[in-house]
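Read off the chains here:
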Amino acid sequence: MNRVLGDPRAILVLLGPALLVYTLVMLVPIFWSLGYTVFEGNPITGFEFVGLDNFVALANDPKIADALVFTLKYAVVLTIAQVGFGYLLALIYVFWLRKASSLVRTLAFFPVVLPTVAVALLFQELFKIAPVNGLVNDLLNLAGIPSVDWFASPDTAFLVLILMDLWRSMGFYAVLLYAGLVDIPDDLFESARLDGASGWRLVRHIVIPLSLPVLLSSIIFSVNGTLKVFDSVLALTGGGPGNTTTPLTLYMYQTSFTYGEYGYGSSIALLLTIICLLVTIFIFRSSRRDLTKG
Amino acid sequence: MTTARTRARRFVPLIAGLGATALLLSACSGDSGGGDATAPTDFTYLSFAENTSIQDTLTSLSTGSCSAEEEALPLDITTQPQASYDQQLQLLAGQDALPVLFASGNSPQVAKDLNDGGKLVDVEAALEELGQTDAIIPAARSTVEALYGGDVFVLPTEFNVEGIWYNKALFAENGIEEPTTWDELTAAAATLSAAGVTPFSADGQDGWPLTRLVGNYLFRTIGPDALQKVIDGDASLTDPEYVEAAAAVAELGEAGYFGPSVGSIDYMTAVNQFLTGEAGMFYMGSWILANFNDPEQNKIGAENIGFMPFPEVEGGEGSRDQLAANVGVPLALSEASYGEDVSAWLDCFAENFGSTSLGEQGVITGFAVNEPVEDLPPLTQAVQERIDQTTQSVLWFEALFNAKAAATSQTNASQLVTGAISPEEFMEMVQADLN
Amino acid sequence: MTATFTDRSPRLIRFARRVPVWIIIGLLLVVVVYPLFWLLTGSLKTQEEFLNNPTWALPEDWTNFSNYVEAWTTGNLDVYIRNSILAVVPALFFTIVFGVAAGFALEVMVWKGRGPVLLAFLAGIMIPGQMILLPLFTIYFRAGLTGSLWPLIITYTAIGLPLTVFMMATYFRSVPREVFEAATLDGANIFRMFWTIGFPLVRNAIFTVALVQFFFIWNDLLIALTFTTRDDLRTIQVGLLNFTGQFGQVQYGPTFAAIAVNVIGTLAIYLFLNQRVMKGLTAGSVKG
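The rules behind the values
- Residues numbered from 1 in each chain as written.
- Chains lettered and ligands numbered in written order.
- Predicted model: local features only at pLDDT ≥ 70, side-chain atom pairs only at ≥ 80, totals over all residues.
- Buried ≥ 20, exposed ≤ 12 C-beta atoms within 10 Å, placed from the backbone.
- Helix = DSSP H or I, 4+ residues; strand = E, 2+ residues; numbered from the N terminus.
- Pairing = 2+ DSSP bridges.
- UniProt positions renumbered as here; feature names shortened; annotations may be inferred.
- Contact = placed C-beta atoms within 7 Å.

Draft legend 1. Geometry of the pairing of strand 4 (residues 160-167) of chain B. All names here are of chain B. When you tally the buried positions in strand 4, you get eight out of eight residues, the bulk of the element. In the sheet, strand 4 pairs with strand 8 (residues 323-326) via three bridges, with the strands oriented antiparallel. Note on strand 8: the bridge partner recorded for N160 is N326. Bridge analysis of strand 4 against strand 7 (residues 305-308) gives four bridges, and the strand direction is antiparallel.

This is the structure in structure tokens:
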């Protein structure tokens, strides 16, 4: 059996193309980029060896601290929000809507497929204050609350950003989590009900423990995506007001391509990659543990 | 600048209708090996995707006055969106694959870097060789020299003066005379504000229309060399006389003279506010004439719009005669591909670009107009005359800054005006990126 | 009387229990469908309506299709859509074929070192895309690929691989090993086994991964901006930037029309494939 399933030639044929493309297009450029971290300059002015200067600058740059804090804040808040709401929706699908959930699932999933540019434009219009109020401010006025200039202060801009990404991704996480929930055998619920468990207690003692693996994957999946946030920030706030909503990815892009500081930009990318790699190892560990369990 | 409405039909793709395989094969063998280009086979021009007037003028030249040059070296236009333009230029320069002619990037620093790397044609010398020394008008030449440290290595395909446009009817209704000093300006703003009119319409989302005011204020108080001193290290933006300028603009915001939520107003909205009579004044460059001359957009009538230079500040070194000017995004020529055919193109370009651009696009350039253009709209005519009278011009706030400081200045401008950050903090942030 | 009461009560209760369900469905409808409706009506408005009328106002002229004409002619939408298809379809094909094969090799087959290789692929999910742009541009330029759609196809394939490999590996993991072991005992050739047993087993999963990847690639802006050096190679997302002017002027109408065309296209694909996707996502997905 192992002769067939361990045939080196077959492994090479099956794995080879993917590994080759992946190595050439992802791994090689990554290490190439890492090489830039000890240089300063850009393709126009040429590169100059500066040793560890970039890392010293990295440690002392207040904008890095701001961007890092923003990135982490965004990742944590959005992960809690999108997995939380996704889970809530999934629970509604499974226990409330049951068979009728297909239409709702389809509807809630739909925003996932829209282009970022379009969604950002939509939210800008919904939350705008000038020259005329957007829908949100109109509704606030109806309730007797004065209009809010949503994009003028860091906190409200952050809120709109979170709302936008929540709107976009909630349905996706709902379906992912739904997949985990429908697999829970019905007789488990029945026996729990017979023991007198119901409502919240049922969820807490039966549903959450049993769907923990899929919940964990979703969280890790979400953290990864949110740490690398780029498009939605760029399209919605452009990093503003000031640089209060600038994540590491955007700061890195600006540093490299707008300010022409490749070396420094690569150092920022390295920082981000290290953060992401820590998450990778975490994901890998947890998925392996799960494998040995099952 | 006249945007897509007047946009000519885009470059028609040669590959239309072919199947995927054919496309990929042909494209694959097509554009390769440009690494060590010497004699180009096309007059390649890389443009901002957003700017169509230069593309259209060049296309018009290639079928008209410059058809002989087109024969020898056909024009080939490619475009790149502004957002990724500098990046693209860096990538191309890194491969020694710069196009023959190209827009010189989002900030003047890009062209300076390219020139320092010996990648640009010395336009001054090239024009002299062609006997075209007078092709660039004096005002444009002085702006270019101020901008690029005394050298001319770009072609001023646009020349704009900047100042405050005002609504004559609103001024008359409220008994306001054209302000010549800062105090008169703020008084006028107060009067308009009291009458329920937004005094200034400004695009706070992009930020630069606000920092333009800071820059102009500095040129009026400290003099035309105010920002050169900062670059040379003889002064700092955090000095009290510099912070004063930021504070003056912040005060306008505090008084509500930009209307509510200036940070959320984008360019089109700002233009619209002025052109529907909601706002009394509008600081902008003369490229805006295209919008002013369009009756669709202009509800107050072109005859109702006046232009005034930025006012003087009492006791300041600068004067109203020093009009703020810029050359838009000038073009640069790649040294690597400069040869006989390209210099023939440059010759024809220098000769005809000014009048073709003004006549067909209504865009004022830094090139001498070799044949008079008839039937110009009166407002354009007036601005053109103003330019002819101008002997000394000043730049704008970020003109001499590196890209990082320029970005910091523009992204924080609306915060300065809304009071989210103090004038001191604003100037400190920008100065920090200059060091 | 008691009879009717007991007869009615469960129905009433059942009705009462359904009310919140309808409220939720209604709310979702509003939250999801209204923006789409707003987008479509926006594409019929003039620039002046955008600037001077309230956001929620309906278009003044329901037959104003000039924005679409504008988007189509000066916006070159036809070229951009074709480019997007030409870049996305091959990339998707390569990603799926390579990814499924690699997932099979990494999960079903038995060999030393598959842990580290899987980890290497996983690391790719975390890499910020911005990081590989400059080296890649140099590579493509030296290889003479700039000026074609190949850089897009290759980059999309590579960027899609980590997630595809990871998800495929998890799907194969959920297939009982006995299925493959039995096949080897029957003396099946490994490639045959891959095609006749492995591939069909994860067919739903492939649809899911393909759809997720499709929307990711289709909506990409960063890579398309960097590697398309010519206007006639531009993709639809980059094309949407065409309606913004040099000083930040936005032509709202044509922008909305272009987005509407884009969205209606993706919506059609989505509705067409939706059933399969939901099935696929539910069938295994990224459960640990």
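Draft legend 2. Local environment of the environment of L376 of chain B. Residues and elements named next belong to chain B. By the element assignment, L376 lies in the loop between helix 15 (340-361) and helix 16 (378-389). By C-beta crowding, L376 is classed as partly exposed, having 18 other C-beta atoms within 10 Å. In sequence terms L376 and A405 are 29 residues apart; their C-alpha atoms lie 39 Å from each other.

Draft legend 3. Just the UniProt feature "transmembrane region" (unreviewed entry) in chain C, in detail. Residues and elements named next belong to chain C. Following the UniProt record, the feature "transmembrane region" (unreviewed entry) maps to residues 21-40, 85-106, 118-141, 153-172, 193-218 and 252-273 here. A helix fraction of 96% and a strand fraction of 0% characterise residues 193-218, whose end C-alpha atoms lie 33 Å from each other. Segment residues 252-273 splits into 100% helix and 0% strand. End C-alpha atoms: 31 Å apart.

Draft legend 4. View of the interface of chain A and chain C. Contacts between chain A and chain C engage 78 residues on the former and 71 residues on the latter. Top element by residues in the side of chain A that touches chain C is helix 2 (residues 8-35) of chain A. It accounts for 15 residues.

Draft legend 5. The arrangement of the pairing of strand 1 (residues 43-48) of chain B in detail. All names here are of chain B. Burial runs high along strand 1: six of the six residues are buried. Across six bridges, the pairing between strand 1 and strand 2 (residues 75-80) is parallel. Of the residues in strand 2, the one forming a bridge with F48 is Q80. As judged from the two bridges shared by strand 1 and strand 3 (residues 101-103), these two strands associate in the parallel manner. Paired with Y45 across the two strands is L101, which belongs to strand 3.

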